[in-house]
Amino acid sequence: MTKCITDFFSFKGHYSNRISTQGQARLHDIKRFNIFSEKVETISQTVRWTKGNTRRGTPDIDAIINSQPVKIEVKIGKDSMRPDQLREQSKIEAAGGLFYVARNFPDFFDW
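The text that follows walks through the structure, step by step, so that each part is easy to find. (Residues numbered from 1 in each chain as written. Predicted model: local features only at pLDDT ≥ 70, side-chain atom pairs only at ≥ 80, totals over all residues. Heavy atoms only, no water.)

## Notes on the environment of Ala95
Next up, step 1: Following the sequence through the fold, Ala95 ends up in the loop between helix H2 (83-94) and strand E6 (98-102).
Next up, step 2: Ala95 sits in the exposed class, given a relative accessible area of 70%. (Helix = DSSP H or I, 4+ residues; strand = E, 2+ residues; numbered from the N terminus. Buried < 20%, exposed > 50% of the residue type's maximum accessible area, 1.4 Å probe, protein only.)

## Examining the layout of surface pockets
Next up, step 1: If you add up the space inside the largest pocket, you get close to 190 Å³.
Next up, step 2: Taken together, 15 residues line the largest pocket, and the ones lying closest to its centre are Thr21, Arg55, Arg56, Gly57 and Arg82.
Next up, step 3: Residues belonging to the lining of the largest pocket are distributed by class as follows: 1 nonpolar, 6 polar and 8 charged. (1 Å grid on protein atoms, 1.4 Å probe; cavity = no way out; pocket = protein on both sides within 12 Å on 5 of 7 lines; lining within 4 Å. Points joined across faces, edges and corners; volume = space filled by probe spheres on them. Nonpolar A, V, L, I, M, F, W, Y, C, P; charged D, E, K, R; others polar.)

## Digging into the sheet that holds strand E1 (residues 15-18)
Next up, step 1: The strand order across the open sheet built from 4 strands is E1-E4-E5-E6, with neighbouring strands paired in mixed fashion. Of all strands in the sheet, those bounded by a partner on one side alone are E1 and E6. Strand-to-strand twist across the sheet, computed as the mean angle between neighbouring axes with direction ignored, equals 20°.
Next up, step 2: Across the sheet, helix H1 (residues 2-11) lies against E1, strand E4 (61-65), strand E5 (68-74) and E6, angled at about 20° from E4, the strand it touches most.
Next up, step 3: Sitting on the sheet, H2 is in contact with E5 and E6, with an inclination near 145° to E6. (Pairing = 2+ DSSP bridges. Axes fitted to C-alpha atoms, helices over the stretch in contact; angles between N-to-C directions. Contact = heavy atoms within 4.5 Å.)

## Thoughts on the pattern of salt bridges
Next up, step 1: All told, the structure shown has 9 salt bridges when counted by the stated rule.
Next up, step 2: Put simply, Arg56 and Asp84 hold a salt bridge, and the shortest N to O gap is 3.5 Å. Taken together, the residues span a long stretch of sequence, with Arg56 in the loop between strand E3 (39-49) and E4 and Asp84 in helix H2 at a distance of 28 residues.
Next up, step 3: Given the relative accessible area of 9%, Asp84 is considered buried.
Next up, step 4: Across the pair Lys75 and Asp79 runs a salt bridge, and its minimum N-O distance is 3.6 Å.
Next up, step 5: Connected via shared salt-bridge partners are Arg55, Glu88 and Lys91. (Salt bridge = Lys/Arg side-chain N within 4 Å of Asp/Glu carboxyl O.)

## Observations regarding a nonpolar patch on the surface
Next up, step 1: Residues Phe33, Ile35, Phe36 and Val40 make up a contiguous nonpolar surface patch of roughly 520 Å² in combined accessible area.
Next up, step 2: Tracing the backbone through its elements, the reader meets Phe33 in strand E2 (residues 25-34). (Patch = residues over 30% accessible without salt bridge, like charges linked within 9 Å, V, L, I, M, F, W, Y side chains within 5 Å. Areas by Shrake-Rupley, 256 points an atom, 1.4 Å probe, with all protein chains shown as cover.)

## What to know about the side chain of Lys75
Next up, step 1: Residue position: Lys75 is located in the loop between E5 and H2.
Next up, step 2: Excluding anything up to four places from it in sequence, Lys75 contacts Ser80, Met81, Arg82, Gln85, Val101, Ala102 and Arg103.

## Some words on the nonpolar core
Burial of nonpolar side chains together is a common tendency in soluble globular proteins.
Next up, step 1: With 11 residues, the main nonpolar core is built from Ile5, Phe9, Ile61, Ala63, Ile65, Val70, Ile72, Val74, Tyr100, Ala102 and Phe108.
Next up, step 2: When contributions to this core are tallied by element, the ones reaching two or more residues are H1, E4, E5 and E6.
Next up, step 3: Residue contacts for Val74: discarding those within four places in its chain leaves Met1, Thr2, Ile5, Asp60, Ile61 and Ala102. (Core = buried A, V, L, I, M, F, W, Y, C linked by side-chain atoms within 4.5 Å.)

## Let's talk about the packing of aromatic side chains
Next up, step 1: For the structure on display, the rule yields 10 aromatic pairs.
Next up, step 2: For the pair Phe8 and Phe105, a centre-to-centre distance of 5.9 Å together with 80° between the ring planes defines the contact as edge-to-face. Placement of Phe8 in helix H1 and of Phe105 in helix H3 (residues 105-110) is noted, with a sequence separation of 97 residues between them.
Next up, step 3: The exposure class assigned to Phe105 is partly exposed, which follows from its relative accessible area of 28%.
Next up, step 4: Geometrically, the ring pair formed by Tyr100 and Phe108 is tilted, given 6.3 Å between the ring centres and 50° between the ring planes.
Next up, step 5: A relative accessible area of 3% places Phe108 in the buried class.
Next up, step 6: Within the aromatic cluster, the residues linked to one another by ring pairs are Phe8, Phe9, Tyr100, Phe105, Phe108, Phe109 and Trp111. (Phe/Tyr/Trp six-rings, centres within 6.5 Å; stacked < 30°, edge-to-face > 60°.)

The following block contains the structure:
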(Lines give C-alpha, C1' and ligand atoms only; values in the text may rest on other atoms or scores of the structure.)
Protein backbone atom coordinates (compact mmCIF):
# COMPACT_ATOMS: atom_id res chain seq x y z
CA MET A 1 0.00 0.00 0.00
CA THR A 2 2.94 2.32 0.63
CA LYS A 3 3.85 2.20 -3.06
CA CYS A 4 0.22 2.85 -4.07
CA ILE A 5 0.14 5.96 -1.90
CA THR A 6 3.48 7.34 -3.14
CA ASP A 7 2.47 6.60 -6.75
CA PHE A 8 -0.85 8.37 -6.17
CA PHE A 9 0.95 11.45 -4.84
CA SER A 10 3.26 11.47 -7.86
CA PHE A 11 0.28 11.11 -10.22
CA LYS A 12 -1.38 14.11 -8.56
CA GLY A 13 1.83 16.19 -8.83
CA HIS A 14 2.73 16.13 -5.14
CA TYR A 15 6.05 15.27 -3.51
CA SER A 16 6.35 12.03 -1.55
CA ASN A 17 9.17 9.82 -0.36
CA ARG A 18 9.20 6.38 1.27
CA ILE A 19 11.17 6.54 4.51
CA SER A 20 12.91 3.31 5.46
CA THR A 21 13.73 3.08 9.15
CA GLN A 22 15.12 -0.42 8.88
CA GLY A 23 18.86 -0.96 9.18
CA GLN A 24 20.89 -2.95 6.70
CA ALA A 25 21.49 -6.67 6.66
CA ARG A 26 25.19 -7.45 6.50
CA LEU A 27 26.79 -10.84 6.01
CA HIS A 28 29.51 -11.79 8.45
CA ASP A 29 31.84 -14.72 7.94
CA ILE A 30 32.32 -17.23 10.71
CA LYS A 31 35.90 -18.42 10.47
CA ARG A 32 38.08 -21.00 12.09
CA PHE A 33 41.69 -22.03 11.84
CA ASN A 34 42.22 -25.38 10.14
CA ILE A 35 45.14 -27.05 11.90
CA PHE A 36 45.70 -29.44 8.99
CA SER A 37 45.95 -26.85 6.20
CA GLU A 38 47.18 -24.14 8.61
CA LYS A 39 44.78 -21.66 7.01
CA VAL A 40 41.81 -19.65 8.24
CA GLU A 41 38.64 -20.93 6.59
CA THR A 42 35.15 -19.51 6.36
CA ILE A 43 32.84 -22.19 7.71
CA SER A 44 29.54 -20.32 7.45
CA GLN A 45 27.96 -16.89 7.27
CA THR A 46 25.52 -15.13 9.52
CA VAL A 47 23.36 -12.04 8.99
CA ARG A 48 23.66 -9.12 11.38
CA TRP A 49 21.50 -6.02 11.18
CA THR A 50 23.01 -2.56 11.50
CA LYS A 51 20.99 0.14 13.22
CA GLY A 52 18.97 2.48 10.98
CA ASN A 53 19.78 6.19 10.88
CA THR A 54 16.25 7.49 11.44
CA ARG A 55 14.52 8.13 14.75
CA ARG A 56 12.29 5.36 16.09
CA GLY A 57 8.65 5.97 15.18
CA THR A 58 9.39 7.89 11.97
CA PRO A 59 6.35 7.61 9.63
CA ASP A 60 6.54 5.51 6.46
CA ILE A 61 5.83 8.32 3.99
CA ASP A 62 6.99 11.93 3.90
CA ALA A 63 4.93 14.13 1.57
CA ILE A 64 4.20 17.73 0.69
CA ILE A 65 0.70 18.55 -0.53
CA ASN A 66 -0.09 22.14 -1.53
CA SER A 67 2.84 23.43 0.58
CA GLN A 68 1.65 21.42 3.62
CA PRO A 69 3.97 18.81 5.18
CA VAL A 70 2.17 15.48 5.46
CA LYS A 71 3.42 12.33 7.20
CA ILE A 72 1.71 8.98 6.68
CA GLU A 73 2.05 5.80 8.70
CA VAL A 74 0.85 2.66 6.90
CA LYS A 75 -0.83 0.06 9.11
CA ILE A 76 -2.34 -3.10 7.62
CA GLY A 77 -4.67 -5.54 9.36
CA LYS A 78 -4.29 -5.73 13.14
CA ASP A 79 -1.06 -3.69 13.11
CA SER A 80 -1.34 -0.75 15.53
CA MET A 81 0.65 2.36 16.39
CA ARG A 82 3.56 1.83 18.80
CA PRO A 83 4.30 4.34 21.59
CA ASP A 84 7.29 5.78 19.70
CA GLN A 85 5.08 6.31 16.64
CA LEU A 86 2.45 8.08 18.74
CA ARG A 87 5.17 10.38 20.14
CA GLU A 88 6.32 11.23 16.58
CA GLN A 89 2.71 11.89 15.57
CA SER A 90 2.34 14.36 18.46
CA LYS A 91 5.57 16.15 17.51
CA ILE A 92 4.55 16.41 13.85
CA GLU A 93 1.09 17.76 14.64
CA ALA A 94 2.48 20.21 17.24
CA ALA A 95 4.83 21.56 14.58
CA GLY A 96 1.93 22.17 12.17
CA GLY A 97 2.25 19.07 10.01
CA LEU A 98 -0.55 16.71 9.04
CA PHE A 99 -0.35 13.10 10.17
CA TYR A 100 -2.49 10.28 8.82
CA VAL A 101 -2.64 6.57 9.57
CA ALA A 102 -3.46 4.74 6.33
CA ARG A 103 -5.18 1.40 6.90
CA ASN A 104 -6.54 0.86 3.40
CA PHE A 105 -6.43 2.72 0.11
CA PRO A 106 -10.14 3.66 -0.18
CA ASP A 107 -10.08 5.40 3.24
CA PHE A 108 -6.80 7.10 2.33
CA PHE A 109 -8.30 8.29 -0.96
CA ASP A 110 -11.35 9.72 0.84
CA TRP A 111 -9.08 11.50 3.32
